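Structural overview
Below are the chains, spelled out letter by letter.
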Amino acid sequence: MKKIVLTAINAKYIHSNPAIYSLKANAGEYGQTVELAEYTINHQREEILAGIYQRKPDVVGFSCYIWNIEYVLDVAENLKKVCPHLQIVLGGPEVSYDAEKVLEKYPFVDLVMVGEGENTFRQYVAYVQGKGVSDLSEIQGLCFRNEGKPFFTAPQMPIKMDDLVFPYQDVEQMENRIIYYETIRGCPFSCSYCLSSLDKTVRLRSLNLVFQELTFFLEHKVPQVKFVDRTFNCNHTHAYEIWKFIKEHDNGITNFHFEIGGDLLREEDFELFREFRPGLIQFEIGVQSTNLSTIEEIRRKMDLEELSRHVERVRQGKNIHQHLDLIAGLPYEDYESFHQSFNDVYRMHPDQFQLGFLKVLKGSYMEEKREDYEIAYQSRPPYEVLSTKWLPFEDVLRLKQVEEMVEVYYNSFQFQATMILLEKQFLDAFTMYEKMGMYYEENGLFGLKHSRIARYEILWAFIEKNVEGEKCREWLRQTLTFDLFARDFVKNPPDFILPRTKEYQQEVRSFFTRETEHPTVLEGYEGYLPKQLFHMIYLREFTLDIPVLLETGEICERKAYSLLFDYQKRNSLTHSAKIVTVTV
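Residues numbered from 1 in each chain as written. Predicted model: local features only at pLDDT ≥ 70, side-chain atom pairs only at ≥ 80, totals over all residues. Heavy atoms only, no water.

Across its full length, the chain holds 21 helices and 20 strands. Relative to its length of 584 residues, the chain is compact, with a C-alpha radius of gyration of 27 Å against a globular reference of 25 Å. Taken along its principal axes, the extent of the C-alpha atoms in the chain is 90 × 55 × 50 Å. In the chain, which comprises 584 residues, the share counted as buried stands at 53%. Look at the contacts in the chain between residues 6 or more apart in sequence, and 68% of them connect residues 24 or more apart. By element, 48% of the accessible surface of the chain is carried by carbon and sulfur atoms, the whole surface being about 27500 Å². On the chain, the mean spot of the 67 positive side-chain charges and the mean spot of the 88 negative ones are 3 Å from each other. (Helix = DSSP H or I, 4+ residues; strand = E, 2+ residues; numbered from the N terminus. Rg over C-alpha atoms; globule rule 2.2 N^0.38 Å. Buried < 20%, exposed > 50% of the residue type's maximum accessible area, 1.4 Å probe, protein only. Contact = heavy atoms within 4.5 Å. Areas by Shrake-Rupley, 256 points an atom, 1.4 Å probe, with all protein chains shown as cover. Lys, Arg positive; Asp, Glu negative; His and termini not counted. Charge placed at Lys NZ, Arg CZ, Asp CG, Glu CD.)

Printed below as a string of structure tokens:
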């Protein structure tokens, strides 16, 4: 029997490639002749080459995406040099939509699988083993050379979701990795930048099968299952029943990730969400733009007012992490329009705010319209936008700076109180991050690796330069102090954090003595001495009411009060210490 190796080169170790697992699981009786080989883009290419070569394969298939295609082509070309008779097969979205060009440009590639691969691969494996059809042209969904020219076979018909074999029977090989799982293929929407919109045949996996497979994940206490379904709740009944099942069978460990249409949520969904364990599920919601002309042009259907209300309702529950996305470089979106879209989404208070840049994917409607929109984009993956009719390259660079500032100072969860207060010193949130980016640029801070403490010191230097008023700066000193200690007990804090007075430290010691004798606040610290607690739990005096600031955004001063930071008990969504107001 000939050996077939399916290879995936992932972006990170924690990622897995569901495509190769599904191909092997659905190869039928010939699946035993298929081996899986997963690497990451952090591996040396020579290491990947050697690893595949040492398996002595007859056929090597590569799963191709924008993040790995250059690695794949380099490794495949060198494999062909050392194994001239080896069959090189490519599949995946990065080659499916221009298979003919791939074969013309890369002579070391023998075959491209076009589109959905399970049925095609099963037939191809049977052919390789001499058990199936006698000629490749009889297999649907292929592109190969015939008399030196690319030849397409008939398109493969969409597979029924219930016919797919569950690919994760051996869950041990997925330890410490994200499991990607699908219950839907196709998408009912027509977003011009997305490849999922090309498949209008929305197909659902039967709920009885989904429940069996979710039970498998739950019983094995898988850390995270990421549903790859596009707009998971496009079918309300399907989504609701799965969410209900997850709630009723929660194992206290597994987290489930869903990409949803936030405006499609219904009242019964919110009622169900209230019962979820914090961290049980998380949502990714693609807003992309709030410019109505842009929304219409990219053929996206979305009720922005409804979306905003629904995001706020989920946020009020304080138990579901929400990740909201914007895309820069879309048609009719100039710098000022993106400025407005940014502020619109920022006011929704997402837990993660992703600023992405348009990628002009092969086969997408956006690619067809590239000349109309005057889009200039990278010739090599990831095909990211450089400029458009509305957004010059100079503005793209400015938005890149804003993106990095948001990533560092918002998405890290490490500056929550400070970002709320600091925003009030500027015209709006976008302007604040824009000014922070300008400060980094002027001081040569981009491109350097900064420690966590350094990020606080840089922000304080920015505050000193850009915030007027001694009282405002003092409030910001307090929020920075709060944010720093909310994450960890920092033994050597930066200079801008004022040391606690000797009198206050003595009051803290007395507080710990009382707590060890008659606990009122601290639980789980029985047996510890006051001296030990002094070095484990942090207390700090404030005059700005930071809990109110975090809850309502309002600025309130009060008489000096103390906050206790308990690092043994952390928020499951933000990972911050449990924080309690105490009397010292």
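Moving on, there is more to tell.
Bringing helix α16 (residues 429-442) into the picture now. Along its 14 residues, α16 runs 20 Å from first to last C-alpha, staying within 8% of the 20 Å computed at 1.5 Å per residue. Among the residues of α16, those classed as buried are Ala429, Phe430, Thr431, Met432, Tyr433, Glu434, Met436, Gly437, Tyr439 and Tyr440. (Expected span 1.5 Å × (residues − 1).)

Ranked by internal contacts, the top residues of the largest apolar core, which has 142 residues, are Trp243, Phe342, Tyr409, Leu422 and Tyr433. The contact partners of Tyr433, leaving out residues within four places of it in the chain, are Phe342, Tyr346, Val402, Met405, Val406, Tyr409, Tyr410 and Met419. Core analysis: the next-biggest nonpolar cluster, separate from the first, contains 28 residues, Ile48, Ile52, Ala76 and Ala99 among them. (Core = buried A, V, L, I, M, F, W, Y, C linked by side-chain atoms within 4.5 Å.)

On to the packing of helix α12 (residues 335-346) against α16. Close contact between α12 and α16 brings their axes to 8 Å; oriented N to C, the two are set at 115 degrees. Of the possible angle classes, the one that applies to α12 and α16 is roughly perpendicular. On the side of α12, the interface is formed by Tyr335, Phe338, His339, Phe342, Asn343 and Tyr346, while α16 contributes Ala429, Phe430, Thr431, Met432, Tyr433 and Glu434. Here the contact of α12 with α16 is built from residues that sort into eight nonpolar, three polar and one charged. (Axes fitted to C-alpha atoms, helices over the stretch in contact; angles between N-to-C directions. Parallel < 35°, antiparallel > 145°, perpendicular 65-115°, else oblique. Nonpolar A, V, L, I, M, F, W, Y, C, P; charged D, E, K, R; others polar.)

We now examine the sheet that holds strand β18 (residues 538-544). With antiparallel pairing, the three strands of this open sheet are ordered in space as β18-β19-β20. Two strands lie at the open edges of the sheet, namely β18 and β20 (577-582), each paired on one side alone. Averaged over all pairs of adjacent strands, the angle between their axes in this sheet comes to 35 degrees, without regard to strand direction. For strand β19 (residues 557-570) and β20, the ladder comprises six bridges, and the chain directions are antiparallel. (Pairing = 2+ DSSP bridges.)

One pass over the full model with this rule turns up 33 salt bridges. Note that Glu182 and Arg185 form a salt bridge whose closest N and O atoms lie 2.6 Å from each other. Between Glu442 and Lys465 there is a salt bridge, with the nearest N and O atoms lying 3.9 Å from each other. Here Glu442 is found in helix α16, whereas its partner Lys465 is found in helix α17 (residues 452-466), with 23 residues between them in sequence. For Glu442, a relative accessible area of 55% gives the class exposed. Given the relative accessible area of 57%, Lys465 is considered exposed. Here the salt bridges share partners, and the residues they tie into one network are Glu116, Glu118, Glu182, Arg185 and Arg203. (Salt bridge = Lys/Arg side-chain N within 4 Å of Asp/Glu carboxyl O.)

To continue, consider the pairing of β19. Sheet topology note: the β18/β19 ladder contains six bridges and is antiparallel. Looking at the pairing, Leu539 lines up with Leu564 of β19. Between β19 and β20, which pair antiparallel one after the other, the connecting turn spans six residues, and His575 there sits at a positive phi close to 65 degrees.

Counting buried residues along strand β14 (residues 321-328), eight of its eight residues qualify, which places the element largely inside the surrounding structure. Taking the sense of rotation as the criterion, the β-α-β connection linking β14, α12 and strand β15 (residues 352-357) turns out right-handed. (Right-handed = clockwise from strand over helix to strand, strands pointing away.)

All right, on to helix α11 (residues 304-317) then. Counted at 1.5 Å a residue, the expected span for α11 with its 14 residues is 20 Å, and the 20 Å between its end C-alpha atoms agrees. Among the residues of α11, those classed as buried are Leu304, Leu307, His310, Val311 and Val314. Projected down its long axis, α11 shows its buried positions confined to an angular sector of 125 degrees, all on one face. In this structure, the buried residues of α11 make contact with α9 (267-273), β13 (281-288), α10 (292-297) and β14. The N-capping residue of α11, defined by a side-chain oxygen 3.2 Å from the backbone nitrogen of Glu305, is Asp303. (Arc of directions from axis to C-beta. Polar contact = N/O pair within 3.5 Å; in protein donor to acceptor, adjacent residues only side chain to side chain.)

Our focus in this paragraph is the packing of aromatic side chains. Applying the stated criterion across every chain yields a total of 52 aromatic pairs. Both rings, one in Phe232 and one in Phe258, keep their centres 4.6 Å apart while their planes meet at 45 degrees; by these two values the pair is tilted. Of this pair, Phe232 sits in the loop between β11 (224-227) and α8 (236-248) while Phe258 sits in strand β12 (residues 255-260), placing them 26 residues apart in sequence. Across the pair, exposure class does not vary: Phe232 and Phe258 are buried alike. Between Arg45 and the ring centre of Tyr71, over which it is positioned, the NZ or CZ distance is 4.2 Å. Lying over the aromatic face of Phe489, Lys491 brings its terminal NZ or CZ to 3.9 Å of the ring centre. (Phe/Tyr/Trp six-rings, centres within 6.5 Å; stacked < 30°, edge-to-face > 60°. Lys NZ or Arg CZ within 6 Å of the ring centre and 35° of its normal.)

Now for the sheet that holds strand β4 (residues 87-91). Spatial ordering of the open sheet is given by β2-β1-β3-β4-β5-β6-β7, a layout of seven strands whose pairing is mixed. Strands at the two margins of the open sheet, each flanked by one partner only, are β2 (34-40) and β7 (149-152). Neighbour-to-neighbour, the strand axes of this sheet turn through a mean angle of 25 degrees, independent of strand direction. Here three bridges tie β4 to strand β5 (residues 111-113), and the two strands are oriented parallel to one another. For Val89, the partnering residue across the bridge sits in β5 and is Leu111. In the packing of helix α2 (residues 45-53) onto the sheet, the strands contacted are β1 (4-10), β2 and β3 (59-63), and the crossing angle to β2 comes to about 170 degrees.

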